[in-house]
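Listed here are the chains, written in short residue letters.
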Amino acid sequence: MISLQDKVVLITGASSGIGAACAKVFAQNGAKLILAARRLERLKQMVAELNKEFETQVYLLQLDVRDRDQVESVLTRLPDSWTSVDILINNAGLSRGLDKLHEGDFQDWAEMIDTNVKGLLYVTRYIVPGMVSRGRGHVINIGSIAGHQTYPGGNVYCASKAAVKAISEGLKQDLLGTPIRVSSVDPGLVETEFSQVRFHGDRERAKNVYKGLTPLTPDDVADVVYFCATRSPHVNISEVILMPTDQATATLVHRRIE
């Protein structure tokens, strides 16, 4: 296993859900964390929580990955002690709406594509060259079962996650001959703010997504991300699909009557 002690780990979308869970498991194992998200106050709360449990070095970035100029400005001006990113976890992502394609909201489409696809590309473009020049690094993209199987109303979200799958595969091919590893961790149903964001704050509708079943937790996904990051240097976990036991495909789930 690779030790994470003092490794610099950059996590996007770190203020909640899977990103926050990754921050905790990597902090627990001695990594130095660059935590990036739009919600700076939430990041500050996280640092306070992490410092209660672990002696963690943390650098915070208020960052909207959709804004290429902001990504460039922030990532090219990291302090010297934080420039050598060893592990990049591209976690920032969201879904908006569950409309039929021909009834879809243009703003929802733009937000998903700009965050899930373009944002991932921007961050990767500014971080990976340093990994190549240093001869070490690992990119872990958080994908989705939606990138493998479409579902009704999922059209653009599924397309954005299929793009993450293709980008991960393409990046791995482009980095062949270097020691840089590329992994994609693709979960099914995970109970986070995801559905609340998808339904524009409708908490009741969001709760119904997970009703009658036991979904994955953010910690479940973080455990898999950690596993990918700590394999021997010659081992690359290219792709992992993880699902709750109550889910067989993107659409086929088992719900118990309550």
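A. Molecular detail of the overall build of the protein chain. A tally of helices and strands in the protein chain yields 8 helices and 7 strands. In summary, the protein chain has a C-alpha radius of gyration of 18 Å against a globular reference of 18 Å for 258 residues, a match within 12%. Overall size of the protein chain, expressed as C-alpha extent along the three principal axes, is 50 × 40 × 35 Å. Taking all 258 residues of the protein chain together, 50% fall into the buried category.

B. Here's a closer look at the pattern of salt bridges. If you walk through the whole model with that rule in mind, you get 12 salt bridges. We note a salt bridge from Glu-193 to Arg-39, for which the minimum N-O separation is 3.4 Å. Taken together, the positions of Glu-193 in the loop between β6 (181-187) and α6 (194-198) and Arg-39 in the loop between β2 (32-37) and α2 (40-53) put the pair 154 residues apart, joining distant regions of the chain. Judged by its relative accessible area of 38%, Arg-39 is partly exposed.

C. Region of interest: empty space enclosed by the protein. Summed over the entire model, instances satisfying the criterion amount to 1 cavity of 30 Å³ or more. Space inside the largest cavity adds up to approximately 80 Å³. Lining the largest cavity are 16 residues, and of these Arg-96, Gly-97, Asp-99, Met-112 and Asn-155 sit closest to its centre. Residue assignment for the lining of the largest cavity shows that the elements contributing at least two residues are α4 (106-134) and α5 (155-174).

D. Main features of the packing of α4 against α5. One can describe the packing of α4 onto α5 by two numbers: an axis separation of 8 Å at closest approach and a directional angle of 10°. Classed by the angle they form, the pair α4 and α5 counts as roughly parallel. Of the two possible hands of crossing, α4 and α5 adopt the one that is right-handed. Facing Trp-109, Met-112, Ile-113, Asn-116, Val-117, Leu-120, Leu-121 and Thr-124 of α4, the residues of α5 in contact are Asn-155, Val-156, Tyr-157, Ser-160, Lys-161, Ala-163, Val-164, Ile-167 and Leu-171. When its residues are assigned to classes, the contact of α4 with α5 shows 12 nonpolar, 4 polar and 1 charged.

E. Representation of the nonpolar core in the model. Counting 37 residues, the largest nonpolar core has Ile-11, Phe-26, Leu-33, Leu-35, Ile-89, Val-185 and Val-225 as its most contacted members. Formed by 25 residues, the second largest nonpolar core is a distinct cluster that contains Leu-10, Val-65, Ala-92 and Ile-127.

F. Expanded view of the layout of surface pockets. There is about 210 Å³ of room inside the second largest pocket. Around the second largest pocket, the lining is made up of 13 residues, and of these Ile-2, Lys-7, Arg-136, Gly-137 and Arg-181 lie nearest the centre.

G. A look at the packing of aromatic side chains. Going through the model one piece at a time under the given rule, you end up with 3 aromatic pairs. Here Phe-106 and Trp-109 contribute two aromatic rings whose centre-to-centre distance is 5.2 Å and whose plane-to-plane angle is 75°, an arrangement assigned as edge-to-face. Pair noted here: Phe-106 and Trp-109 are both in helix α4, with a separation of 3 residues, about one helical turn. Given the relative accessible area of 23%, Trp-109 is considered partly exposed. Here the basic side chain of Arg-198 rests over the ring of Tyr-157, its NZ or CZ set 5.4 Å away from the ring centre. Against the face of Phe-227 rests Arg-231, its NZ or CZ located 3.8 Å from the ring centre.

H. Spotlight on the pairing of strand β5 (residues 138-142). By the criterion of burial, β5 is predominantly enclosed, with 5 of the 5 residues buried. Burial of the side chains of β5 extends over both faces: His-138, Ile-140 and Ile-142 are buried on one face and Val-139 and Asn-141 on the other. The handedness of the strand β4 (residues 87-90) to β5 crossover, carried by α4, is right-handed. Considered for its hand, the β-α-β crossover made up of β5, α5 and β6 is right-handed.

Criteria and thresholds
- Residues numbered from 1 in each chain as written.
- Predicted model: local features only at pLDDT ≥ 70, side-chain atom pairs only at ≥ 80, totals over all residues.
- Heavy atoms only, no water.
- Helix = DSSP H or I, 4+ residues; strand = E, 2+ residues; numbered from the N terminus.
- Rg over C-alpha atoms; globule rule 2.2 N^0.38 Å.
- Buried < 20%, exposed > 50% of the residue type's maximum accessible area, 1.4 Å probe, protein only.
- Salt bridge = Lys/Arg side-chain N within 4 Å of Asp/Glu carboxyl O.
- 1 Å grid on protein atoms, 1.4 Å probe; cavity = no way out; pocket = protein on both sides within 12 Å on 5 of 7 lines; lining within 4 Å.
- Points joined across faces, edges and corners; volume = space filled by probe spheres on them.
- Axes fitted to C-alpha atoms, helices over the stretch in contact; angles between N-to-C directions.
- Parallel < 35°, antiparallel > 145°, perpendicular 65-115°, else oblique.
- Left-handed = near helix turned anticlockwise from the far one by under 90°.
- Contact = heavy atoms within 4.5 Å.
- Nonpolar A, V, L, I, M, F, W, Y, C, P; charged D, E, K, R; others polar.
- Core = buried A, V, L, I, M, F, W, Y, C linked by side-chain atoms within 4.5 Å.
- Phe/Tyr/Trp six-rings, centres within 6.5 Å; stacked < 30°, edge-to-face > 60°.
- Lys NZ or Arg CZ within 6 Å of the ring centre and 35° of its normal.
- Right-handed = clockwise from strand over helix to strand, strands pointing away.

Coordinates in, geometry out; function isn't part of it.
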